[in-house]
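Read off the chains here:
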Amino acid sequence: MHSDGNNLIYGFERLTQRVLRECGFSQVEVTKKSGDGGIDGTGKLKINGIFSFNVAFQCKRYKGVVGAPDIRDFRGSLTTNIEKGLFITTGTFSKAAREEACSPGKQQIDLLDGEEFIKKITE
């Protein structure tokens, strides 16, 4: 069976959507206007039935290491109504990417790497 790779990426976004729903997100939507560096989807997360956050996520189906520039690009694409950013990769994050994600004075980005993602799927 031939696949153009694009379907695989879309499949990963769909899988992400399912995992986020199971983690308690609601209104999870995959936005298909994504080029690289942008938002692949959005959702709402309600914590303890009180606090609710608008979350945007980016999925990077990737064998390699996600670097700090990827995190910066993603942060740059977040609009003002987004309280949380979540970056998900099938690969890993560099030390610089992890530092960039939580650098003080900037919007915090939560990271989920391949290993953690697999754990969430199998939970």
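Coordinates for the structure precede this section.
First things first, this report covers the structure right here in the doc. Keep in mind it's a predicted model, so treat the numbers as computed, not measured. Sequence order as written defines the numbering, with residues in each chain counted from 1. Per-residue local features are limited, in this predicted model, to residues with pLDDT of at least 70; the limit for side-chain atom pairs, both in listing and counting, is 80 or more; totals at the level of whole chains, interfaces and linings are taken over all residues. Here the side-chain values reflect all heavy atoms present in the structure, with hydrogen atoms and water set aside.

1. Section: the pattern of salt bridges
Item 1. By salt bridge we mean one thing: a side-chain nitrogen of Lys or Arg within 4 Å of a carboxyl oxygen of Asp or Glu. Per the stated rule, a full pass over the model turns up eight salt bridges.
Item 2. Two residues, lysine 95 and glutamate 99, come together in a salt bridge whose shortest N-O distance is 2.7 Å. Linking lysine 95 with glutamate 99, this pair stays in helix H3 (residues 95-101), spanning four residues, or about one helical turn.
Item 3. Each residue's exposure class comes from its accessible area (1.4 Å probe, protein chains only) as a fraction of the maximum for that residue type: buried when under 20%, exposed when over 50%, partly exposed otherwise. Residue lysine 95 is classed as exposed on the basis of its relative accessible area, which comes to 63%.
Item 4. In this structure, lysine 106 engages glutamate 100 in a salt bridge whose closest nitrogen and oxygen atoms are separated by 3.2 Å.
Item 5. Among the ionic contacts, a cluster of salt bridges with common partners joins Arg72, Arg75, Glu100 and Lys106. Secondary structure follows DSSP: runs of H or I at least 4 residues long count as helices, runs of E at least 2 residues long count as strands, and numbering of each begins at the N terminus.

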